[in-house]
Amino acid sequence: MLSPILLRPALPVIVALVCFSRVAAAVDEPDATYKTHTTDIIPATEAPAAKLPASVARLSPEEARRELTEVRAAIARADALYHREAAPEIGDFEYDQLKQRAAELERAFPEIARSVPPVPEIGDDRSGLFQTVRHRERMLSLEKTYAEADVRAFEKRVAKQLGRDDLAYVVEPKFDGFAVSAVYEKGRLVRAVTRGNGAEGDDITANALALSNLPRTLRAMAADGTASVVPDAIEIRGEIFVPFAEFARVNAEREAAGEAPFANPRNLAAGTIRQLDPREVARRGLRVVFYAVGECVPLTALPATQHELPGRFRAWGLPAIAADQAWPARGGAELWGAIDALRRARPGFAFPTDGAVVKLDSLAQQRELGAGENAPHWAIAYKFAPDRAETQVRAITIQVGRTGVLTPVAELAPVELAGSTIARATLHNADDLARKDIRVGDFVYIEKAGEIIPAVVGIDLARRPAEAARFAFPEKCPACGAAVMRRAGEVAVRCSNEACPAQLRRRIEHFASAGCLAINGLGPATIDALVERGLVRNLPDIYRLRRAELLAVAKLGEKSADQLLASIETSKHAELWRFVNALGIPQVGAVAARDLARRCGSLEALIALGSNTAAANGKSDGVDRADPAMRAATAYFAEPANRARVAEFVALGMQPRVAAVRAADAEPGAKAAGKIFVLTGTLPSLTRAQATEKIEAAGGKVAASVSRATTFVVAGADPGAKLEQARKLNVPVLDEAALLELLGAD
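Note that the structure is predicted; figures quoted are calculated from it, not measured.

## Description of the overall build of the chain
And then number 1: For the chain, the count of helices and strands is 27 helices and 24 strands.
And then number 2: Of all 746 residues assigned to the chain, the portion counted as buried reaches 53%.
And then number 3: By element, 53% of the accessible surface of the chain is carried by carbon and sulfur atoms, the whole surface being about 32600 Å².

Pasting the structure below:
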């Protein structure tokens with residue numbers, strides 16, 4: 001057995017040993033049945049006499065003590081990484097195997113189990129970074145299982161307790177995110193709290209307010225005009241999650257910036273919601289969905305059934321499970337069919353799920369059954385086993401990105417996984433590859449991270465070829481031969497040659513992509529030809545291309561060449577945020593580019609961010625350098641080479657436009673029509689982007705600097721020089737509450 005001191009590097013090995021023992025146990029004891037709780041796995045009460053797996057029965061007491069100590073320590077470490085650091089080293093399935101192994105050892109050696117340090121019953125997500133708040137009603141987790149037999153046993157147990165076998169159930173998606181409880185008093189949001197240890201959690205209200213779909217007040221009148229009773233106080237439970245599209249976007253930006261990508265959407269959600277800067281939360285596209293309640297005063301504000309609850313939430317203005325994403329079932333005969341229907345619909349969901357939640361439909365019956373120490377008695381979560389395939393690594397190649405980052409990629413023997421053929425899987429970075437020690441010739445297990453990106457999650461070491469050698473990460477760029485480097489604090493290894501043709505190809509692809517300047521016809525083959533023949537040596541060269549060159553070098557037809565040139569010409573007048581995004585400024589993706597474009601208002605103002613002369617003239621007063629995007633843009637435009645490149649674009653006809661709501665376009669009676677606002681400091685609940693959107697929607701305009709034309713300055717905490725300028729010019733200053741009152745917003 002391994003020493004607990006070595007648990008960190010050995011954790012995957014422990015998991016592999018446990019998984020192997022479970023395979024052996026399945027052969028020894030095919031009828032063994034277990035129930036899985038969120039933090040515990042216990043033998044099913046319906047099968048108390050199940051024999052122990054042979055792999056446990058043959059252990060000596062001392063061997064059992066050592067293994068249980070190591071497995072419990074591994075579980076505790078996995079809990080800490082999952083709940084508090086949002087950086088798990090193993091997946092849910094492997095974690096559940098550890099829990100199952102611990103349960104087997106505890107059942108076989110109860111005296112030893114009592115003497116070994118225990119693992120807390122509910123994973124504790126309190127981070128120590130936030131104030132803790134007690135829940136009005138304990139926030140429990142769910143009993144979980146991977147076995148159909150457990151779901152059927154759950155239904156039988158509930159039917160027996162309530163004395164009828166035709167009970168109504170609802171089957172809902174199990175969102176794979178970060179649990180949260182939103183507390184509303186008199187219809188107003190007063191706090192948002194994590195699950196914590198079930199009794200109390202972190203107060204993450206400031207970050208939760210950055211979620212675009214979380215309302216600050218509950219509506220007393222539904223959208224269809226019907227009245228809806230708003231409770232005096234209610235805890236509304238749900239999940240903070242990241243849609244798949246946002247997950248892909250954020251990871252692409254992180255990899256381009258040399259930062260480690262998030263392993264899955266749940267890690268991104270959990271890591272982001274613990275950020276100390278709400279603006280970063282807003283940029284990462286998190287959402288919240290609600291599906292349950294804790295305390296509610298009075299109870300009469302709730303409907304009678306679970307299937308009516310999402311509708312009540314929507315009437316209050318809350319995001320909830322859609323009507324077509326929940327399945328009714330009556331009795332055990334229909335229950336498994338409803339779960340299967342959800343499983344079939346799951347690939348069409350835009351959000352991450354990892355199972356189905358079965359709930360007793362009647363809220364009165366839910367209250368009658370009550371809850372245990374860790375989970376309610378009226379619900380169970382059936383978790384889908386991960387889609388996994390085994391294949392062989394044929395080669396490890398290096399892909400050079402637009403910022404010079406060298407990314408290792410596993411070239412695989414093609415294998416079918418979740419409806420698609422997988423032939424390549426990212427290995428992320430040099431450190432990750434070294435930690436996992438993946439080698440050419442290895443047989444590996446592939447899953448889709450976040451159901452999108454193929455990822456290597458394990459190695460079958462028993463099948464490793466004898467000649468397989470550790471991968472030596474290159475010291476020179478494979479595309480141009482330049483030396484590689486690693487910047488302080490980054491995990492990325494980069495090519496040091498900015499003129500590297502591989503980088504240039506990726507930069508052109510990014511520049512012309514749909515999320516940037518949308519230059520149709522500038523595809524990979526054309527880009528390769530233009531770079532190879534030296535017609536495009538930098539991005540401005542795109543605007544120097546001539547028809548004859550496209551016909552001769554890129555081998556385009558006359559019609560295709562004309563269409564490409566027309567698209568290039570159109571791109572000169574794209575929205576400013578698209579041009580900013582196309583520049584590839586580190587730390588600035590599409591969302592941050594929109595924010596910068598709104599706040600600066602023109603390309604000239606953006607360029608001025610890096611100019612000391614402009615700052616002295618007041619053109620970049622009050623730049624919020626605590627804002628990562630603004631800080632990144634300031635650093636970018638402070639570089640003479642970058643300013644020269646943008647000037648070159650302008651000389652070639654680039655005239656990006658700023659899309660804004662004009663007073664003439666505002667709805668009749670718009671309260672901010674014709675008014676000019678300047679934002680400074682950190683507002684209590686609104687991000688800069690959200691405040692700007694509200695102002696523009698009301699017909700106003702947001703300017704980057706204070707002048708005599710400014711109507712109002714909106715000031716939050718830690719305002720910059722803009723506030724002093726407003727006082728000098730006698731410009732009225734508003735706080736957030738006054739702004740919202742002026743705009744007529746909630």
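Text resumes after the structure shown.
## Points about empty space enclosed by the protein
And then number 1: Scanning the entire structure with this criterion turns up 4 cavities of 30 Å³ or more.
And then number 2: Along the walls of the second largest cavity sit P278, R279, G681, T682, L683, P684, S685, L686, T687 and R688, which together make up its complete lining.
And then number 3: Within the lining of the second largest cavity, the residues separate by chemical class into 4 nonpolar, 4 polar and 2 charged.

## What about helix α26 (residues 721–728)?
And then number 1: Buried residues of α26: K722, L723 and A726, and no others. The arc that holds every buried residue of α26, seen down its axis, measures 100°, which confines them to one face. Summarising the geometry of α26, the exposed residues directed more than 90 degrees from the buried face are R727 and K728.
And then number 2: Packed against the buried residues of α26 are β21 (676–680), β23 (712–715) and β24 (733–734).
And then number 3: Downstream of α26 by one or two residues, N730 has phi in the positive range, about 55°.

## Here we look at the sheet that holds strand β10 (residues 287–297)
And then number 1: Within the open sheet, the 4 strands sit side by side as β7-β6-β9-β10. Their pairing is antiparallel. Looking at which strands have only one partner, the edges of the open sheet turn out to be β7 (188–194) and β10. For this sheet the average axis-to-axis angle between neighbouring strands, irrespective of direction, equals 25°.
And then number 2: Judged from the 8 bridges that link them, strand β6 (residues 178–185) and strand β9 (residues 233–241) form a sheet pairing that is antiparallel. Each residue of the ladder has a partner; that of A179, found in β9, is E239.

## Side note on the pairing of β21
And then number 1: Burial analysis of β21 places 4 of its 5 residues in the buried class, which makes it a mostly covered element.
And then number 2: As paired strands, β21 and strand β22 (residues 701–703) are joined by 3 bridges and run parallel to one another. By the bridge assignment for β22, I676 is matched with K701.
And then number 3: As defined by bridge partners, β21 adjoins β23 across 4 bridges and the pair is classed as parallel. Looking at β23, one finds that T680 is bridged to A715.

## A closer look at the pairing of strand β13 (residues 379–383)
And then number 1: Among the 5 residues in β13, 5 count as buried, and that is most of the element.
And then number 2: Burial along β13 is two-sided: the face carrying A379, A381 and K383 and the face carrying I380 and Y382 are both buried.
And then number 3: As defined by bridge partners, strand β4 (residues 143–145) adjoins β13 across 2 bridges and the pair is classed as parallel. Bridge pairing links T145 to Y382 in β13.
And then number 4: In terms of strand pairing, strand β12 (residues 353–360) meets β13 through 5 bridges, oriented antiparallel.

## Quick look at helix α15 (residues 501–512)
And then number 1: Between the first and last C-alpha of α15 there are 16 Å, a value that for 12 residues agrees with the 16 Å anticipated at 1.5 Å per step.
And then number 2: Turning to α15, its buried residues number three or more, namely A502, Q503, L504, R505, R507, I508, H510, F511 and A512.
And then number 3: Against β14 (389–400), β20 (494–495), α16 (524–532), α19 (576–582) and α24 (640–651) lie the buried residues of α15.

## Some remarks on the side chain of T194
And then number 1: Locating T194 in the fold gives a position in strand β7.
And then number 2: Within polar-contact distance, the side chain of T194 engages the backbone nitrogen of D202 at 3.0 Å.
And then number 3: Those residues in contact with T194 that sit more than four places away from it in its chain are D125, H135, M139, F178, A179, G201, D202 and I204.

Conventions we followed
Residues numbered from 1 in each chain as written. Predicted model: local features only at pLDDT ≥ 70, side-chain atom pairs only at ≥ 80, totals over all residues. Heavy atoms only, no water. Helix = DSSP H or I, 4+ residues; strand = E, 2+ residues; numbered from the N terminus. Buried < 20%, exposed > 50% of the residue type's maximum accessible area, 1.4 Å probe, protein only. Areas by Shrake-Rupley, 256 points an atom, 1.4 Å probe, with all protein chains shown as cover. 1 Å grid on protein atoms, 1.4 Å probe; cavity = no way out; pocket = protein on both sides within 12 Å on 5 of 7 lines; lining within 4 Å. Points joined across faces, edges and corners; volume = space filled by probe spheres on them. Nonpolar A, V, L, I, M, F, W, Y, C, P; charged D, E, K, R; others polar. Arc of directions from axis to C-beta. Contact = heavy atoms within 4.5 Å. Pairing = 2+ DSSP bridges. Axes fitted to C-alpha atoms, helices over the stretch in contact; angles between N-to-C directions. Expected span 1.5 Å × (residues − 1). Polar contact = N/O pair within 3.5 Å; in protein donor to acceptor, adjacent residues only side chain to side chain.

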